[in-house]
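Descriptive structure summary
If you want the building blocks of each chain, they are given just below.
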Amino acid sequence: MKELSRLVGEMEYDALIAGLNPPAVVGGGTLAALAAEAEYKRGTVLAKSAQTGQLYILGSTAAEGDALTPDCILCDDTKIGATAQTAAVYLAGCFNPGKLTMAEGYTLSEADRDKLRERGIWLKAVAE
């Protein structure tokens, strides 16, 4: 017989999710392969390639003739290597812009915020 009052797990609030409306929707996405292995952190904003449909960190340079559009947010820390891989991503929800990660030196623009909003991703600041 198991004890129903024992601790099963723990959760730390990381302030990434900023509200319950719209509700968070999780799906899968294909992260594009990288030349050198890297780790994307939870909360990384990803942009989708118009040509391949693969996801790149927002602020990456698109290949010639391609366009990268802000699309979703990474759910968990993920290591990416020389092969494309599937990862869990937030397709919709309300998120804290202060906890989002983009490519080094890139700043989220109003156009990026608009594209994310079109996809059901709302940004709302959270007091720590």
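Notes on the structure in this doc start here.

1. Focus: the overall build of the protein chain
In terms of regular secondary structure, the protein chain is built from 1 helix and 9 strands. Beginning at the N terminus, the succession of helices and strands in the protein chain can be written as β-β-β-β-β-β-β-β-α-β. Taken over the C-alpha atoms alone, the protein chain extends approximately 60 × 30 × 25 Å along its principal axes. Looking at the protein chain residue by residue over its 128 residues, the buried ones come to 34%. Once local pairs closer than 6 in sequence are excluded, the contacts in the protein chain between residues at least 24 apart make up 71%. Total accessible area on the protein chain is roughly 8,000 Å²; 52% of this is exposed by carbon and sulfur atoms.

2. Brief notes about the pattern of salt bridges
Side chains carrying opposite charge are able to pair once their charged atoms draw close together. Tallying each qualifying case throughout the model produces 7 salt bridges. Ionic pairing is found between R113 and E110, a salt bridge with its closest N-O pair at 3.7 Å. Taken together, the residues span about one helical turn, with R113 and E110 both in helix α1 (residues 110-118) at a distance of 3 residues. A relative accessible area of 24% places R113 in the partly exposed class.

3. Thoughts on the side chain of S49
When you line up the elements, S49 lands in strand β4 (residues 45-49). Among the polar contacts listed, one links the side chain of S49 to the backbone nitrogen of Q51, at a separation of 3.2 Å. If we skip the residues at most four places from it in the chain, S49 touches Q54, Y56, D66, A67 and L68.

Calculation criteria
- Residues numbered from 1 in each chain as written.
- Predicted model: local features only at pLDDT ≥ 70, side-chain atom pairs only at ≥ 80, totals over all residues.
- Heavy atoms only, no water.
- Helix = DSSP H or I, 4+ residues; strand = E, 2+ residues; numbered from the N terminus.
- Buried < 20%, exposed > 50% of the residue type's maximum accessible area, 1.4 Å probe, protein only.
- Contact = heavy atoms within 4.5 Å.
- Areas by Shrake-Rupley, 256 points an atom, 1.4 Å probe, with all protein chains shown as cover.
- Salt bridge = Lys/Arg side-chain N within 4 Å of Asp/Glu carboxyl O.
- Polar contact = N/O pair within 3.5 Å; in protein donor to acceptor, adjacent residues only side chain to side chain.

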